[in-house]
Amino acid sequence: MLETMTVLTPLHYLYLIGVVVILSVMILRKDTPAVCIAFLFLLGAAGMGSIFGGIQTIFSAIVYAAKEFMEVIATIALVTALSKCLGDLGSDYLLMRPMSHVMKSPSVTWWILGLTMLLFSLFLWPSPSVALVGAIMLPFAVKAGLRPLAAAMAMNLFGHGIALSYDVVIQGAPAISAGSAGVTTSQILTEGRPVFLVMGAATVISAFLIHRKALSAPQALTAGKAGSSGDDRSSGEERSADGRRFTDDGRSAEDPQTAGSRRAAKNKTAEHATTGPAALAMAIATPLAFLADIVAMLLLDLKGNDATSLVSGTAILLMCAGSLAAFRSASLEKITGYLTDGFLFAIRIFAPVIAIGAFFFLGGEGISQIMGGREAIELLGSTSTGGIMNDWAVWLAGHAPLNRYLIAALLLAVGALTGLDGSGFSGLPLTGSLAHTLGTAVGASVPVLAALGQIAAIFVGGGTIVPWGLIPVAAICDVSPLKLARKNLLPVLIGFFAAFVTACFLL
């Protein structure tokens, strides 16, 4: 049985204050890295008992976060390098032409992109699917007039939301929940199915209805290039094919010089795409190579990191092959340039997120490495290694009144709380244990409660709400992760309410 009592220390209260302040700053649409750094210092100084400990904690937490994000950084960098190579060759233009017959409007394109992401993510998980769908389908979607931010929403909600939380094919998430809840995986998937389906349907339908007028710009947008300025994203602007800048509310401002250069570049690319043999070869090889990756993943049962590394490795090999075929003697320099541009783009996207993630990793299991093993546990006054947020969740569970409806609300709250570290999966043992302990106490359905906690933990931490958890999609689509998180917030909250009401009927 789960031990629901824990001792809260000043470090717990200081961390909770930090969470509230950071979330408040986000709501005010201000940047949060400086606030995160300040609280890292305060937590380190309080926990280690010295100013020097606070200074060391800042660096240790940032290094820890950078290591945690490194795989995603490399994936984004290599896929971006391939994207730049395909753009220079004109292969992206050739790839777009057949899809233009299917993606005829932004609204239709939004659903096609989202459902494709859902299908891929159910079999491959979202991380490799982001790279695959982003590399092949995103240019088609944006060419059809879909805003990059809207494309990111579709990929994110269908992939990291619905597919990762339900996980009916790979069954990674429900297996963790089932193990800690004392039920079988099939029980969670069958008894909790209405909750999963209602959550997914309510979220994506509300997202589409709320943002349907903002899906497209007055003119069709082209995909943001990897080397585009980060200022456009931070100022809430997107660019169209003719150099026109679009703000969030659809207002535009013409930039004549940029418009002319972009039109010339577009015409040159189109001409190159229709005449270059290397462009044609890469247009054929790219989708075939990624299709071979999918087959290999299914045959070899590759998941998670293994699947992501296969996609990323394929991307860099395709980039090298395309450079060699098109540029021959200059290919060595071209490959270096593409890699440099890819990693510069990835690091520029991740720089602020690393600082934000450092704070929230400190609240999870990362505290044992950031502040140092047994010392960190002693600082928390607990024998648990779950971290500060885990202790708050356990404390909340121990002080909540016991009836099935309040327990359902508690599972939602605890799942969301544990998801703030950006993991999603780290909170599943806790939500599963709570579902077993509290559900048995009041005679409620343990699988339904476990499913509800799983949904909250993964939708928040798996990559739809917290900006440091949805970086892959934001980077592939070249949009601000903070802006994407704000766009996702209301639809996900609507989904939570619908899932909660559904669960109450099933308990």
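Since the structure is predicted, the reported quantities are computational estimates derived from the model, not experimental observations. (Residues numbered from 1 in each chain as written. Predicted model: local features only at pLDDT ≥ 70, side-chain atom pairs only at ≥ 80, totals over all residues. Heavy atoms only, no water.)

It is worth spelling out the overall build of the protein at this point. When you go through the protein residue by residue, the secondary structure sums to 23 helices and three strands. Here the protein, with 507 residues, has 55% of them falling under the buried criterion. Of the accessible surface of the protein, which amounts to about 20400 Å², a share of 66% is contributed by carbon and sulfur atoms. (Helix = DSSP H or I, 4+ residues; strand = E, 2+ residues; numbered from the N terminus. Buried < 20%, exposed > 50% of the residue type's maximum accessible area, 1.4 Å probe, protein only. Areas by Shrake-Rupley, 256 points an atom, 1.4 Å probe, with all protein chains shown as cover.)

Where helix α20 (residues 428-442) contacts helix α21 (residues 446-464), the axes come no closer than 8 Å and their chain directions differ by 150 degrees. Here α21 runs roughly antiparallel to α20, going by the angle between their axes. Two packed elements cross with a definite hand, and for α20 against α21 that hand is right-handed. Contacts between α20 and α21 involve Leu428, Thr431, Ala435, His436, Gly439 and Thr440 from the former and Val446, Leu449, Ala450, Gly453, Gln454, Ala457 and Ile458 from the latter. Counted by class, the contact of α20 with α21 contains seven nonpolar, six polar and no charged residues. (Axes fitted to C-alpha atoms, helices over the stretch in contact; angles between N-to-C directions. Parallel < 35°, antiparallel > 145°, perpendicular 65-115°, else oblique. Left-handed = near helix turned anticlockwise from the far one by under 90°. Contact = heavy atoms within 4.5 Å. Nonpolar A, V, L, I, M, F, W, Y, C, P; charged D, E, K, R; others polar.)

Let us look at the side chain of threonine 431. Looking at the element boundaries, threonine 431 is found in helix α20. Its relative accessible area of 0% is what places threonine 431 among the buried residues. Excluding anything up to four places from it in sequence, threonine 431 contacts Leu411, Val414, Gly415, Gly453 and Gln454.

All right, on to the nonpolar core then. Counting residues in each nonpolar core, the largest one holds 143 residues, and the members touching the most others are Trp110, Phe290, Phe359 and Phe496. Among the nonpolar cores identified, the runner-up in size contains five residues, and Leu164, Leu428, Ala457 and Ile458 belong to it. (Core = buried A, V, L, I, M, F, W, Y, C linked by side-chain atoms within 4.5 Å.)

Turning our eyes to something else, we now look at α20. With 15 residues, α20 extends 21 Å between its outermost C-alpha atoms, agreeing within 8% with the 21 Å of an ideal straight helix rising 1.5 Å per residue. Buried residues of α20: Leu428, Leu430, Thr431, Gly432, Ser433, Leu434, Ala435, Thr437, Leu438 and Gly439, and no others. Directly beyond the C-terminal end of α20, a positive phi value near 75 degrees is found at glycine 443. (Expected span 1.5 Å × (residues − 1).)

Our focus in this paragraph is the side chain of threonine 109. Within the element layout of this structure, threonine 109 appears in helix α5 (residues 106-124). If sequence neighbours within four positions are ignored, threonine 109 has contacts with Met103, Lys104, Ala141, Ala144 and Leu146.

Bringing the packing of aromatic side chains into the picture now. Here the structure, examined in full by the defined rule, presents nine aromatic pairs. Chaining the aromatic ring pairs together yields one cluster made of Trp110, Trp111, Phe158 and Phe208. Over the aromatic face of phenylalanine 327 sits the side chain of lysine 334, whose NZ or CZ is 4.8 Å from the ring centroid. (Phe/Tyr/Trp six-rings, centres within 6.5 Å; stacked < 30°, edge-to-face > 60°. Lys NZ or Arg CZ within 6 Å of the ring centre and 35° of its normal.)

Before going further, it helps to spend a moment on unusual backbone geometry. Despite not being glycine, arginine 328 has its phi angle at roughly 50 degrees, a positive value. For aspartate 478, which is not a glycine, the phi torsion comes out positive at approximately 60 degrees. For aspartate 478, the position within the fold is in the loop between α22 (471-477) and α23 (481-506).

What follows is about the pattern of salt bridges. Tallying each qualifying case throughout the model produces one salt bridge. Of the charged contacts, one joins lysine 84 and aspartate 341 as a salt bridge, the two residues approaching to 3.9 Å between their closest N and O atoms. Residue lysine 84 is found in helix α3 (residues 51-89), and its partner aspartate 341 is found in helix α16 (residues 331-362); the two are separated by 257 residues along the sequence. Residue classification places aspartate 341 among the partly exposed residues on the basis of a relative accessible area of 33%. (Salt bridge = Lys/Arg side-chain N within 4 Å of Asp/Glu carboxyl O.)

This part is about the environment of histidine 160. In this fold, histidine 160 is placed in helix α8 (residues 148-166). Among residues more than four places away in sequence, those in contact with histidine 160 are Pro126, Ser127, Val130, Met155, Ile458, Gly462, Gly463, Thr464 and Val473.

This part is about α23. Taking 1.5 Å per residue as the helical rise, α23 with its 26 residues ought to reach 38 Å, and the 35 Å between its terminal C-alpha atoms agrees with that figure. For α23, the principal kink sits at leucine 489 and spans about 35 degrees; a proline, proline 491, occurs within the next four residues. Capping the start of α23, serine 480 holds a side-chain oxygen 3.3 Å from the backbone nitrogen of leucine 482, two or three residues further along. (Bend = angle between axes of the 7 residues up to and from the residue. Polar contact = N/O pair within 3.5 Å; in protein donor to acceptor, adjacent residues only side chain to side chain.)

Together, Leu280, Ile284, Leu288, Leu291, Val295, Leu299 and Leu300 make up a nonpolar patch on the protein surface, roughly 720 Å² of accessible area in all. In this structure, leucine 300 sits in helix α14 (residues 277-300). Residue classification places leucine 300 among the exposed residues on the basis of a relative accessible area of 58%. (Patch = residues over 30% accessible without salt bridge, like charges linked within 9 Å, V, L, I, M, F, W, Y side chains within 5 Å.)

This structure, assessed with the given rule, holds zero disulfides. Cysteine cysteine 85 is unpaired, with the sulfur of cysteine 320 as its nearest cysteine sulfur at 8.7 Å. We classify cysteine 85 as buried; its relative accessible area is 0%. (Disulfide = S-S within 2.5 Å.)

Take the environment of phenylalanine 158 next. Residue placement: phenylalanine 158 occurs in helix α8. Residues phenylalanine 158 and leucine 113, 45 residues apart in the sequence, show an inter-C-alpha distance of 9.0 Å. Apart from the residues lying within four places of it in its own chain, the contact partners of phenylalanine 158 are Trp110, Trp111, Gly114, Leu115, Leu118, Ala163 and Val204.

What follows is about the packing of α21 against α23. The geometry of α21 relative to α23 is characterised by a closest axis approach of 10 Å and an angle of 175 degrees between their N-to-C directions. By the angle between their directions, the pair α21 and α23 is classed as roughly antiparallel. Along the contact surface, α21 presents Val448, Leu452, Ile455, Ala456, Phe459, Val460 and Thr464, while α23 presents Ala485, Asn488, Val492, Phe496, Ala499, Phe500, Ala503 and Leu506. Residues belonging to the contact of α21 with α23 are distributed by class as follows: 13 nonpolar, two polar and no charged.

Position of valine 7 relative to the elements: it lies in the segment before α1 (10-27). Classification of valine 7 as exposed rests on a relative accessible area of 52%.

The next point concerns the confidence of the model for the protein. Per-residue confidence for the protein gives a mean pLDDT of 76, with 78% of residues at or over 70. Put simply, helix α12 (residues 230-234) is where the protein has its lowest mean pLDDT, 38, and helix α11 (residues 193-211) is where it has its highest, 93. (pLDDT = per-residue confidence, 0-100.)

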